[in-house]
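Breakdown of the fold
Spelled out from the first residue to the last, the chains are:
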Amino acid sequence: MTDPMDAQETPAPLRTLPSRMLMIVASHADRIVSEGLATADARKWHYAALVALRESGPMSQAQLSRRTGIYRSDLVAVINELSARGFVERAPDPGDRRRNVITMTSAGRGHLERLDKLIADLQDTLLAPLSDAEREEFTRSLGRLLAHHTRPELR
């Protein structure tokens, strides 16, 4: 397979086009994280759901969907997978029986601690060519781009 950034194959204007480079790096980042999490029998959405539950505590499926950006229809499968492994519990909301409340279990907290270490290692793999200072600046720059492009008036 040809490297998409190969100077011999890619026209010069494309090699330095920021949007194209971001897209290619994002593709590599997605692959690195997905393959890495698979070694722990996990997926990106598992990690996102568990992180949100750790940060905010038990919440409804609708709240968890909003906090993680996981579509509600996809979240049902994520919760089913995490529940089957004993990492979360789903129970009717005592205040509104039509809703389910999702709670992380102690096994889920232990699993998330392992995933946190794995994610940190995967970030190191992704950002390997950058110094610590460059990583911090890169992360700040990405944060600024993300904040700009997710402003409510741009939606």
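Refer to the structure presented above.
As the structure is a prediction and not an experimental result, all values here were calculated from the model.

Topic: the overall build of the chain
A tally of helices and strands in the chain yields seven helices and three strands. Moving toward the C terminus, one meets the helices and strands of the chain in the order α-α-α-β-α-α-β-β-α-α. Taking 2.2 N^0.38 as the reference for a compact globule, 155 residues should give roughly 15 Å; the C-alpha atoms of the chain span a radius of gyration of 19 Å, well beyond that estimate. Its C-alpha atoms put the chain at 60 × 40 × 30 Å along the principal axes. Looking at the chain as a whole, 28% of its 155 residues are labelled buried. Put simply, 45% of the contacts in the chain that link residues at least 6 apart link residues at least 24 apart. Total accessible area computed for the chain in this model is approximately 10400 Å², and 56% of it derives from carbon and sulfur atoms. The positive charge centre, built from 22 side chains, and the negative charge centre, built from 21, are 8 Å apart in the chain.

Re the pattern of salt bridges
Pairs can form between side chains of opposite charge once their charged atoms are near each other. Considering all chains together, one arrives at 10 salt bridges under this definition. Taking the shortest distance from any N to any O, the salt bridge between Asp41 and Arg85 comes out at 3.5 Å. Pair noted here: Asp41 is in the loop between helix H2 (18-38) and helix H3 (44-56) and Arg85 is in the loop between helix H5 (72-84) and strand S2 (88-93), with a separation of 44 residues, a long-range link.

Description of the packing of H3 against H5
Remark: H3 packs on H5, axes separated minimally by 10 Å, with the N-to-C direction vectors making an angle of 80°. The angle between H3 and H5 places the two elements in the roughly perpendicular class. Contacts between H3 and H5 involve Trp45, His46, Ala49 and Leu50 from the former and Val78, Glu81 and Leu82 from the latter. Looking at side-chain class alone, the contact of H3 with H5 contains five nonpolar, one polar and one charged residues.

Things to note about the pairing of strand S3 (residues 96-104)
Both strand S1 (residues 59-60) and S3 contribute to a ladder of two bridges, which runs antiparallel. Looking at the pairing, Ser60 lines up with Val101 of S3. In this structure, S2 lies alongside S3, joined through six bridges in antiparallel fashion. Residue pairing in the sheet places Glu89 in a bridge with Thr103 of S3.

Overview of the side chain of Asp93
Topologically, Asp93 is positioned in strand S2. If we skip the residues at most four places from it in the chain, Asp93 touches Arg99, Asn100 and Val101.

Some remarks on the nonpolar core
One finds Leu37, Leu50, Leu53, Leu64, Leu82, Val88 and Leu115 to be the most contacted residues of the largest nonpolar core, which totals 25 residues. Among the elements of the structure, H2, H3, H5, S3 and helix H6 (106-126) are those that each provide at least two residues to this core. Leu82 has contacts with His46, Ala49, Leu50, Phe87 and Val88, leaving out every residue within four places of it along the chain.

Thresholds applied
Residues numbered from 1 in each chain as written. Predicted model: local features only at pLDDT ≥ 70, side-chain atom pairs only at ≥ 80, totals over all residues. Heavy atoms only, no water. Helix = DSSP H or I, 4+ residues; strand = E, 2+ residues; numbered from the N terminus. Rg over C-alpha atoms; globule rule 2.2 N^0.38 Å. Buried < 20%, exposed > 50% of the residue type's maximum accessible area, 1.4 Å probe, protein only. Contact = heavy atoms within 4.5 Å. Areas by Shrake-Rupley, 256 points an atom, 1.4 Å probe, with all protein chains shown as cover. Lys, Arg positive; Asp, Glu negative; His and termini not counted. Charge placed at Lys NZ, Arg CZ, Asp CG, Glu CD. Salt bridge = Lys/Arg side-chain N within 4 Å of Asp/Glu carboxyl O. Axes fitted to C-alpha atoms, helices over the stretch in contact; angles between N-to-C directions. Parallel < 35°, antiparallel > 145°, perpendicular 65-115°, else oblique. Nonpolar A, V, L, I, M, F, W, Y, C, P; charged D, E, K, R; others polar. Pairing = 2+ DSSP bridges. Core = buried A, V, L, I, M, F, W, Y, C linked by side-chain atoms within 4.5 Å.

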